[in-house]
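# Results of the structural survey
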Amino acid sequence: MKVTTLIAALGVIGALIAGIAVFAQNSEPRKPSVPSQGSAHLWSEVGSFQLEGTGTVKVKFVGTLLVVRAPNQPMPQVAIQGKVRKEFESEEMGRVAWFGSGEATITGSWRHLSVFGKKLDATWRGVGIATVFGEFDAAGKTGFITVDGSEPFEWLATGQTFYVPALADPRLQRGSEGTPAPPPGGGRATPVPKIGN
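Note that this is a predicted model, so its numbers are computed, not measured. (Residues numbered from 1 in each chain as written. Predicted model: local features only at pLDDT ≥ 70, side-chain atom pairs only at ≥ 80, totals over all residues. Heavy atoms only, no water.)

## Thoughts on the pattern of salt bridges
Opposite charge on two side chains makes pairing possible when the charged atoms of those side chains draw close. The test is simple: Whenever Lys or Arg places a side-chain nitrogen within 4 Å of a carboxyl oxygen from Asp or Glu, that contact is recorded as a salt bridge. In DSSP terms, a helix is any run of H or I states spanning at least four residues, a strand is any run of E spanning at least two, and both are numbered starting from the N terminus. Partly exposed describes any residue whose relative accessible area lies between the buried limit of under 20% and the exposed limit of over 50%, with all areas from a 1.4 Å probe on protein chains only and scaled to the type maximum.
Per the stated rule, a full pass over the model turns up 4 salt bridges. One salt bridge in this structure joins lysine 119 and glutamate 45, with 3.6 Å as the shortest N-O distance. In this pair, lysine 119 sits in strand β3 (residues 95–134) while glutamate 45 sits in strand β1 (residues 38–69), placing the two residues 74 residues apart along the sequence. For lysine 119, a relative accessible area of 52% translates into the label exposed. For glutamate 45, a relative accessible area of 43% gives the class partly exposed.

## Thoughts on the environment of proline 74
For clarity, the cut-off: Pairs of residues are marked as contacts when any of their non-hydrogen atoms sit within 4.5 Å.
Examined against the element boundaries, proline 74 turns out to sit in the loop between β1 and β2 (77–90). Overall, the relative accessible area of 61% leaves proline 74 in the exposed class. If we ignore the near neighbours within four places in the chain, the residues touching proline 74 are Arg69 and Ser109.

## Regarding the pairing of β3
Let me state the cut-off plainly: Strand pairing requires that DSSP identify at least two bridges connecting the strands.
Relative to β3, β1 runs antiparallel, the two sharing 51 bridges. Here β2 runs beside β3; their pairing, made up of 13 bridges, is antiparallel. Its bridge partner being in β3, isoleucine 80 is matched across the sheet by alanine 104. Here β2 folds back onto β3 in antiparallel fashion, the turn holding 4 residues, of which glycine 94 has a positive phi close to 70 degrees. In terms of strand pairing, β3 meets strand β6 (residues 160–164) through 5 bridges, oriented antiparallel. Bridge pairing links glycine 128 to valine 164 in β6.

## Observations concerning unusual backbone geometry
Excluding glycine, residues mostly carry a negative phi; peptide bonds, for their part, are mostly trans. Going from valine 164 to proline 165, the amide bond is cis rather than trans, its omega being 0 degrees. By the secondary structure assignment, proline 165 is in the loop between β6 and β7 (173–174). Even without being glycine, lysine 119 reaches a positive phi, approximately 50 degrees. With a phi close to 55 degrees, aspartate 148 is a non-glycine residue in the positive phi region. Summarising the element assignment, aspartate 148 is placed in the loop between β4 (144–147) and β5 (153–154).

Shown next as structure tokens:
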């Protein structure tokens, strides 16, 4: 075999290997990037929820609101309106609790932001984890949550955890294009966020 023929053959083999590598890279499903923030809407006639994370939460409630400071962070800013009184405050423990009927806006970082009572309606823009506990109301409903524009997802009485933003949820299945998809078998393990419009 001549040297020029050998060099040409090696060049063709190299080009084939490079083409296969490019094809293999392009055939992998795209994974959507996780947004820096998400949004959640939680509402229930009777129940409770606990948020861990950062951002801004606006909540209407009849019952108790407890805010616990995140480690190595300042106490979140809390603005209260309505017939709500402060029940407990400890700078040393990093927690404050209110009771009554009204609205609150919480901004900052918190270890726990817990609300339990009636007529709960909250919106959260930020990052973290929401744990919800439903109680059956007179109509047999337990409460609902939407995450990043998902369809409303009913709370379980035994408790459930949701990630904000939704794409941060490690339980979320990925479709062939890397987009969120419900789990196989038609089950609903977690809300599927709306992508795009």
